[in-house]
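# Breakdown of the fold
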Amino acid sequence: MPYVLGIDIGSSNTAAAVARRRGATWTRPEAVPLSAGSPLMPSVLCLEEDGSLRVGEPVTDDGSRTTRDFVHRIGDDVPVLLGGEPCAPQTLTAELAAWVVERVHALEAEAAEAIVLSHPAGWRPYRREVLHRALSDLGLRHVTLLPRTVTVAESHAARGFAGSTAVVYALGGNSFEAALVRRTPRGTYETFGTPQGLDSIGGADFDEALAEHARTVLARELAATGRRGAQAALRGLRAECDRVKRVLTVDLTADVVLTLPSGPARVPVTRAQFEAMIRPTVQATVDLLLRAVRSADLTPAQLDGVLLAGGSTRVPLVTELIGAALPVPVEVEPDAQLTAATGAAMAACQVVSPRPRQPPPARVPAPVSGAGRATIPAPRRAHHTVPGEPPPRPPVRVLPLELPKPSRLALARGRGREG
């Protein structure tokens, strides 16, 4: 069945979604299982001894052969050293995108009709250009790049958000970005104002706050196990804290559990304690959100909502602080970590089947008042009007996409080589 593909390569995880053609319409995007049935694959590449790149978490502790969070280095002239070999960040990103395309091709038994790949909203044209070039070098010549804030808005619109102007709050594992979006005459979204973001704030900070708390509480027990015992006990602490973080989004208490030589040790944590740990970090993201709104001289009354994306946005404190700062509806999807990918798939549908342009509202002749003077009707809300004609999206040739060709660092293929 013909389909389109949306890809989101985040700082921590990569997700993909497909929408299938049914007659003249498209199905709702569905997440693609990228890792052992999971829709999320860690955005990690490992260089193996044979020169191939393995996707997913490393199986060894050799950090020199593993790289992560390379997307945010695209455009940096300093290469990433992987096993002593210099690699351009855009090449690594293109390799991961190519791996996703091949995996989906194998699952669907045919090539996608269109591909949309999300990118940080603050990117300048140079970064998009170098990524386009890297994708083209691997045979992916017809990929549309869209800001992640746009794909997030497209996903929320597909689920029923009908607003014209909104601000997107996207909290990744190791990055945060916020930007204003508005609906164009074609019904799609575009960014405006000045996007705000930080590559050093994300959901991983929440995990680390919990981990630091657990290490402090269990300091005496860890010291008694010796250095090797403590290292072994702490090896899975971050993953355990990620689990507890997710539990505390629905429960009021949870236990961080560590396995010590003497047996399991539990550190009880309440939601109130957890929120006190992460409040400064969350407040910093809300401050950036407000800065994005002010960059276009908008007031909260001119917003139709705040659109959230990222798994950590399900933490109740996030919506609480956003709601206190912006008294407008706050929208979060059940699978918030997949929002950008599903929105990219929705945008890919529009690449193949563009929406018809919405006609401008009919002008009503103004009644004449006095000698040759007309009474001008009051303008509509400022945020519902789009000044000027928005720039169209780049033209895309809708052709069957070629399978990406292997690069000098060939990706490891086959399910047995995945992380």
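Check the entry above for the structure.
Read on for a plain summary of the structure.

Analysis parameters
- Residues numbered from 1 in each chain as written.
- Predicted model: local features only at pLDDT ≥ 70, side-chain atom pairs only at ≥ 80, totals over all residues.
- Heavy atoms only, no water.
- Helix = DSSP H or I, 4+ residues; strand = E, 2+ residues; numbered from the N terminus.
- Buried < 20%, exposed > 50% of the residue type's maximum accessible area, 1.4 Å probe, protein only.
- Contact = heavy atoms within 4.5 Å.
- Areas by Shrake-Rupley, 256 points an atom, 1.4 Å probe, with all protein chains shown as cover.
- Polar contact = N/O pair within 3.5 Å; in protein donor to acceptor, adjacent residues only side chain to side chain.
- Pairing = 2+ DSSP bridges.
- Axes fitted to C-alpha atoms, helices over the stretch in contact; angles between N-to-C directions.
- Parallel < 35°, antiparallel > 145°, perpendicular 65-115°, else oblique.
- Left-handed = near helix turned anticlockwise from the far one by under 90°.
- Nonpolar A, V, L, I, M, F, W, Y, C, P; charged D, E, K, R; others polar.

## Here we look at the overall build of the protein chain
The helix and strand tally for the protein chain stands at 10 helices and 19 strands. Considering the protein chain as a whole, with its 419 residues, one finds that 48% of them fall into the buried category. Here the analysis covers contacts within the protein chain between residues at least 6 apart in sequence; of these, 68% occur between residues at least 24 apart. Carbon and sulfur atoms form 54% of the exposed surface of the protein chain, whose accessible area is close to 20,000 Å².

## Observations regarding the environment of Ser43
Here Ser43 shows up in the loop between strand E5 (41-42) and strand E6 (44-47). For Ser43, a relative accessible area of 1% puts it in the buried group. For the pair formed by Ser43 and Arg68, sequence separation is 25 residues and the distance between their alpha carbons is 6.0 Å. Excluding residues within four positions of it along the chain, Ser43 makes contact with Ile9, Gly10, Ser11, Ser12, Asn13, Thr14, Thr67, Arg68, Asp69, Phe70 and Leu96. A distance of 2.8 Å separates polar atoms of two side chains, one belonging to Ser43 and the other to Thr14.

## Description of the sheet that holds E6
Spatially, 3 strands are ordered E7-E6-E8 in an open sheet, and the strand pairing comes out antiparallel. The open sheet has two free edges, formed respectively by strand E7 (53-55) and strand E8 (66-68), since each of these has just one partner strand. Mean inter-strand twist for the sheet, computed between neighbouring axes without regard to direction, equals 25°. In this fold helix H1 (residues 89-108) packs onto E6, E7 and E8, with an angle of close to 60° to the strand it touches most, E7.

## Examining the packing of helix H4 (residues 203-217) against helix H8 (residues 271-294)
Helix-helix packing is characterised by the crossing angle of the two axes and by the distance between the axes. Between H4 and H8, the least distance of the axes is 10 Å, while the angle of their chain directions is 140°. Comparing their axes, H8 and H4 come out oblique. Seen along the crossing, H4 lies across H8 with a hand that is right-handed. On H8, the residues touching Asp205, Phe206, Ala209, Leu210 and His213 of H4 are Phe274, Met277, Ile278, Thr281 and Val282. Among the residues forming the contact of H4 with H8, the class breakdown is 7 nonpolar, 2 polar and 1 charged.

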